[in-house]
Amino acid sequence: MANMKSLAKDTAIYGLSSIVGRFLNYLLVPLYTHVISASTGGYGVVTNLYAYTALILVILTFGMETTFFRFANKEGENPHTVFSTAMGMVGFLAVMNFLLILFFITPFCDYIGYPDNHDYILMMTAVVSLDAIQAIPFSYLRYQKKAIKFASLKLLFIAMNIGLNLLYFLVLGKDDVYYVFFLNLVCTGIITFFFLPEMLQIKWKFDFSLLRRMFSYSWPILILGIAGILNQAFDKMIFPWAYTHTGLHTAADSQVQLGIYGACVKIAMIMAMITQAFRYAYEPIVFAKAKDRDSKEYYAVAMKFFLIFTLFAFLCVMGYMDILKLIIGKDYWAGLQSVPIVMAAEIMMGVYFNLSFWYKLIDKTIWGAWFSIIGCAVLIAVNIIFIPKYGYMACAWGGVAGYGTAMILSYIVGQIKNPISYPLKSIFVYVLITVLFFVIMQLLPETWPTWARIGINTILIIAFVAHIIYHDMPLQSLPVVGKYFRK
């Protein structure tokens, strides 16, 4: 119970930085989608390039975030040496990445379809290199349980980014996507300096023997991470080619459609925020608790409550879509139909993350690589086959197919290799209720007043919460208010 309370507390702090931060960052979505018209395809360029940087960041960090936690918690290992070895490797890869792109900028820009935008590519290369360097210090903060500093730095970056974007786009009247990348670089560079205290406190020692052992653990995680980020970003990377290669659509059309999809996906990304917040708090606890007798029971309960919270978030987003859609410009609303599908895919990704610990804890991370590769192959196939005909809706369904495949495979094999008794009956009931309430929300006539639809949706959400309280979170167990319900 103490560990569960610690998980809840840390999840709340990490969630604050992630969810509140992303919410504040949503201020940029209406800004960009109102300043940059959908018809120009400018937001499509932003969506496309950020997808590439997400993939490159996974490659540069090389699975060392999870590897750091595993080795820092191993008996006989010096956490300082583990940190400095991981930091040395990631730092080397980050510097090499920037130098390679710098020297081969022209062929690289030609290859990805931006021959006239070298400045965009160089700025994003610098950003992703700095992000990779920051990844290990951020992990070290989590290892030290310095959740407050972690959250503060994340929020500081977002506050600076929002402030500068408002200054440039609203006050100075800029409307060029160049400034989206430029301001990101400025803020990322500033945050890097805040890690100097941690860097100066560490007793630096690069251990090649340790690196070989860390590498043998991390390379399957790298494959897993690449496949995972392809599941998240491949659709946005491949869309311009897949949408145009049949000759049915132009390159300009592809950027317009990608911009619409990218803007609407921002609404669905609340699920990614929840999963990320949960991961930040859960990952260090899992490795530290691995030797406890009740560890499997703990993992099963954590899975259930993760699903309860994400299903609740799903209903809230869908129930208040009439309000949330105002985040983006009206000419992007056509893509809102993709939101529930993308959110379902993100829930599956979160479940897959929860299921992934069985192979991490027995040092068989190769299984995760295989599951992710297979899931990624399914996603790629769906995108390539169906994007030319169905556009960005194929991207949304591709995520469900890819994550769903990886999730099912991980569960089946995990129950054979390292079985955990998940409360499947209770989980199924929550899923069934969520589907039922979602269908009711979708069947409400659009001709009804907005207040009427929101009112009915609110009643459904309250009913879902009531089910949680009655079955899994009795009022008497809650802090503060619980004393009024105890006998």
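Source: prediction; values computed, not measured.

Chemist: Whenever I open this one, the overall build of the protein confuses me. Can you help?
Modeler: Summing up its helical and strand segments, the protein has 21 helices and zero strands in all. Of all 487 residues assigned to the protein, the portion counted as buried reaches 53%. The long-range share in the protein, meaning contacts at least 24 apart out of those at least 6 apart in sequence, stands at 82%. Summed over all atoms, the accessible surface of the protein reaches about 22,100 Å², with 70% contributed by carbon and sulfur.

Chemist: Which parts of the structure should I look at to understand the environment of H245?
Modeler: Relative to the helices and strands, H245 resides in the loop between α11 (208-244) and α12 (251-268). A relative accessible area of 40% means that H245 is categorised as partly exposed. Along the primary structure H245 and P388 are separated by 143 residues, whereas in three dimensions their C-alpha atoms are 8.0 Å apart.

Chemist: Can you help me understand unusual backbone geometry in this one?
Modeler: Trans is the prevailing form of peptide bonds, just as negative phi is the prevailing case for residues other than glycine. Unlike most non-glycine residues, F62 shows phi in positive territory, near 55 degrees. Structurally, F62 is set in the loop between α3 (42-61) and α4 (64-72).

Chemist: Explain the packing of helix α5 (residues 79-103) against helix α7 (residues 118-143) to me, please; I cannot follow it from the model alone.
Modeler: When two helices pack together, you describe them by how their axes are tilted relative to each other and by the distance separating the axes. Contact pair α5 / α7: the axes reach a minimum separation of 9 Å and the direction vectors enclose 175 degrees. When the interaxial angle is binned, α5 and α7 end up roughly antiparallel. Seen from α5, the contacting residues are P79, H80, F83, A86, M87, V90, G91, A94, N97, F98, I101 and L102; seen from α7, they are I121, L122, T125, A126, V128, S129, A132, I133, I136, P137, Y140 and Y143.

Chemist: Can you help me understand the packing of aromatic side chains in this one?
Modeler: In this description, an aromatic ring pair is defined by two values, namely the gap between the centres and the angle between the planes. In total, this model carries 20 aromatic pairs according to the counting rule given. Aromatic pair F386 and Y390: ring centres 6.2 Å apart, planes at 45 degrees, arrangement tilted. One end of the pair, F386, and the other, Y390, are both in helix α18 (residues 366-390), four residues apart, so they sit about a helical turn from each other. For F386, a relative accessible area of 38% translates into the label partly exposed. Judged by relative accessible area, which is 48%, Y390 ranks as partly exposed. One aromatic cluster in this structure is built from Y168, Y178, Y179 and F182. If you follow K154 out to its NZ or CZ, it ends over the ring of F138, 4.2 Å from the centre.

Chemist: Hey, could you run me through the side chain of T67 in this one?
Modeler: Assignment of secondary structure puts T67 in helix α4. Take T67: its relative accessible area is 0%, and that puts it in the buried class. Polar contacts involving the side chain of T67 include one to the main-chain carbonyl oxygen of G63, which spans 2.8 Å. Leave out the neighbours within four places in its chain, and T67 touches M214, Y217, S218 and I221.

Chemist: Quick question: what am I supposed to make of the pattern of salt bridges here?
Modeler: Pairs can form between side chains of opposite charge whenever their charged atoms are close. Throughout the structure, instances matching the rule amount to three salt bridges. Each of the salt bridges in this network shares a partner with another, and the network as a whole consists of D322, K325 and R453.

Chemist: Mind showing me how you'd approach a nonpolar patch on the surface here?
Modeler: A surface patch of nonpolar side chains, amounting to about 780 Å² of accessible area, comprises F92, V95, M96, L99, L100, L102, F103 and F104. Mapped onto the elements of the fold, M96 is located in helix α5. On the basis of relative accessible area, M96 is assigned to the partly exposed category, the value being 34%.

Chemist: Looking at this structure, how should I read the nonpolar core?
Modeler: In terms of nonpolar packing, the biggest core is built from 144 residues, with M64, M318 and V339 touching the most fellow members. The leading source of residues in this core is α11, at 17 residues. When sequence neighbours within four positions are dropped, the list of residues in contact with M318 reads V339, P340, M343, F438, M441, Q442 and N457.

The rules behind these values
Residues numbered from 1 in each chain as written. Predicted model: local features only at pLDDT ≥ 70, side-chain atom pairs only at ≥ 80, totals over all residues. Heavy atoms only, no water. Helix = DSSP H or I, 4+ residues; strand = E, 2+ residues; numbered from the N terminus. Buried < 20%, exposed > 50% of the residue type's maximum accessible area, 1.4 Å probe, protein only. Contact = heavy atoms within 4.5 Å. Areas by Shrake-Rupley, 256 points an atom, 1.4 Å probe, with all protein chains shown as cover. Axes fitted to C-alpha atoms, helices over the stretch in contact; angles between N-to-C directions. Parallel < 35°, antiparallel > 145°, perpendicular 65-115°, else oblique. Phe/Tyr/Trp six-rings, centres within 6.5 Å; stacked < 30°, edge-to-face > 60°. Lys NZ or Arg CZ within 6 Å of the ring centre and 35° of its normal. Polar contact = N/O pair within 3.5 Å; in protein donor to acceptor, adjacent residues only side chain to side chain. Salt bridge = Lys/Arg side-chain N within 4 Å of Asp/Glu carboxyl O. Patch = residues over 30% accessible without salt bridge, like charges linked within 9 Å, V, L, I, M, F, W, Y side chains within 5 Å. Core = buried A, V, L, I, M, F, W, Y, C linked by side-chain atoms within 4.5 Å.

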